[in-house]
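Residues per chain are reported as follows:
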Amino acid sequence: MTNNRDTVRLDPALAEALNEHVSVEAKSAFQYHAMASWAEVRGLTGTAAWLRGEAEGEMSHMLQFVDHLNDRGYQATFHAMPVPKSEWSDLAAMFEQVVEMERNLCRQIDNLIDTAHTQRDHFTSSFLQGFVPQQISDMAEADEILDRIRIAGSDGHATILIDQELRGRSGK
């Protein structure tokens, strides 16, 4: 939906793609919250704190997309989301999903940048470029955590150390 504000309009297809990404960010945020709950009840409180921080980051990204759409004269709409997964066989399996989510977010941003370039929408391209360093960092961090979890294997002491480190990274 558009309004009559005096603004540089978005191409309708690009606006829809950006609006779809609003739902992707929201879905990721809720998935991170579900993961945090799983970790919390298993005594991995540092992991839970880190995951909640990631959820807050995804919600922040979602709101930035909403603001960009609104600033460009389009009303963001919100789509129904599937129920997030809530069970994993172990911490490694959960972090495999974290890595896949971050890779998916990276691909999505990359595709949106391609679409903005195709539409010659430099405003949206500039907006999206701001997410690239964060996505690269998030993907690298998720890969590193998964690698460490795999190295730890079933060593409970190593898992506790990883959990403590994640608490430190969360700032809580």
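Here the residue numbering is sequential within each chain, running from 1 through the sequence in written order. In keeping with the model being predicted, local features are shown solely for residues with a pLDDT of at least 70 and side-chain atom pairs are shown and tallied solely at 80 or more, while totals for entire chains, interfaces and linings include all residues. Derived side-chain values reflect all non-hydrogen atoms in the structure, with water molecules and hydrogen atoms excluded from consideration.

(A) The arrangement of the environment of Gln-75 in detail. The numbering of helices and of strands both runs from the N terminus, where a helix is a DSSP run of H or I of at least 4 residues and a strand a run of E of at least 2. Note on placement: Gln-75 falls in the loop between helix H2 (45-71) and helix H3 (91-118). Judged by relative accessible area, which is 44%, Gln-75 ranks as partly exposed. Along the chain, Gln-75 and Asn-19 lie 56 residues apart, while their C-alpha atoms are 8.8 Å from each other. Between buried and exposed lies partly exposed: a residue is buried under 20% and exposed over 50% of the maximum accessible area for its type, with that area taken using a 1.4 Å probe on protein chains only.

(B) Up close: the pattern of salt bridges. Throughout this description, the term salt bridge denotes a Lys or Arg side-chain nitrogen within 4 Å of a carboxyl oxygen of Asp or Glu. Counted according to the given criterion, the structure contains 11 salt bridges. With its nearest N and O atoms 3.3 Å apart, the salt bridge here joins Glu-40 to Arg-52. In this pair, Glu-40 is assigned in helix H1 (residues 12-41) and Arg-52 in helix H2, connecting sequence segments 12 residues apart. The exposure class assigned to Glu-40 is partly exposed, which follows from its relative accessible area of 35%. Here Arg-52 falls in the partly exposed class, since its relative accessible area comes to 31%. The shortest N-O distance in the salt bridge between Glu-141 and Arg-169 comes to 3.1 Å. You can see Glu-141 sitting in helix H5 (residues 132-152) and its partner Arg-169 sitting in helix H6 (residues 156-170), a full 28 residues away along the chain. Each of Glu-141, Glu-144, Arg-148, Glu-165 and Arg-169 takes part in one network of salt bridges that share partners.

(C) The environment of His-117, seen in detail. By the secondary structure assignment, His-117 is in helix H3. When checking whether two residues touch, look at their non-hydrogen atoms; a contact exists if any pair is within 4.5 Å. Leave out the neighbours within four places in its chain, and His-117 touches Ser-125 and Gln-129.

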